[in-house]
Amino acid sequence: MKTTLTRKLSLAAAAFALAGGAILATPAQAQRDPAYEAARAAGKVGERMDGYLGIVGAATPDLQRMVNDINIKRRAVYAQRAQAANATVEEYALTAGCIAIAKTVPGEKYQAPDGSWQTRTSAPPQRDSRCPA
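Structure report, in brief.

1. A closer look at the overall build of the chain
Turning to step 1, where the next piece is worked out: When helices and strands are tallied, the chain shows five helices and four strands.
Turning to step 2, where the next piece is worked out: Shown N-terminal to C-terminal, the secondary structure of the chain runs as helices and strands in the order α-α-α-β-β-α-α-β-β.
Turning to step 3, where the next piece is worked out: For the chain, buried positions account for 42% of its 133 residues.
Turning to step 4, where the next piece is worked out: For the chain, restricting intrachain contacts to residue pairs at least 6 apart in sequence, the fraction spanning at least 24 positions comes to 52%.
Turning to step 5, where the next piece is worked out: If you sum the accessible surface of the chain, you get close to 7400 Å²; carbon and sulfur atoms cover 58% of it.

2. Description of the packing of helix α4 (residues 61-85) against helix α5 (residues 89-102)
Turning to step 1, where the next piece is worked out: Between α4 and α5, the least distance of the axes is 8 Å, while the angle of their chain directions is 115°. Here α4 is positioned roughly perpendicular relative to α5, judged by the angle of their axes. Helix-helix and strand crossings are classified by hand; for α4 and α5 the assignment is right-handed. Across the interface between the two elements, Arg 75, Tyr 78, Ala 79, Arg 81 and Ala 82 from α4 touch Val 89, Glu 90, Tyr 92, Ala 93 and Ala 96 from α5.
Turning to step 2, where the next piece is worked out: Each residue belonging to the contact of α4 with α5 can be placed in one class, and the counts come to seven nonpolar, no polar and three charged.

About the criteria used
- Residues numbered from 1 in each chain as written.
- Predicted model: local features only at pLDDT ≥ 70, side-chain atom pairs only at ≥ 80, totals over all residues.
- Heavy atoms only, no water.
- Helix = DSSP H or I, 4+ residues; strand = E, 2+ residues; numbered from the N terminus.
- Buried < 20%, exposed > 50% of the residue type's maximum accessible area, 1.4 Å probe, protein only.
- Contact = heavy atoms within 4.5 Å.
- Areas by Shrake-Rupley, 256 points an atom, 1.4 Å probe, with all protein chains shown as cover.
- Axes fitted to C-alpha atoms, helices over the stretch in contact; angles between N-to-C directions.
- Parallel < 35°, antiparallel > 145°, perpendicular 65-115°, else oblique.
- Left-handed = near helix turned anticlockwise from the far one by under 90°.
- Nonpolar A, V, L, I, M, F, W, Y, C, P; charged D, E, K, R; others polar.

What is shown is where atoms sit, not what they do.
Laid out in structure tokens, this is it:
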């Protein structure tokens, strides 16, 4: 059985890989999608703490379809990388969420630890206590 320290080291390695520019092919591809960029800039979507994209406010069918598609692709990547890191998908997704939120820029939406949607300012975003240091 994995010890807590070993699991944390595995997740830290995963976080390092994510932070090193390999966060995901899917968000990078999605960012080239004008609909995704427009929704993100308009504050209609934001990064959730669990590593997935969320809808902020009212959902349209097109927006819901886009978010679902991105999240399905993210989950596939998380599952693959979690297995390689000897972690659960949820642990890996949380780590990815922590990093994605940290990489938001002023004006973008993100989910705070209390579950509320926040708009990123020039200050660091609110971090979940489970985020890697």
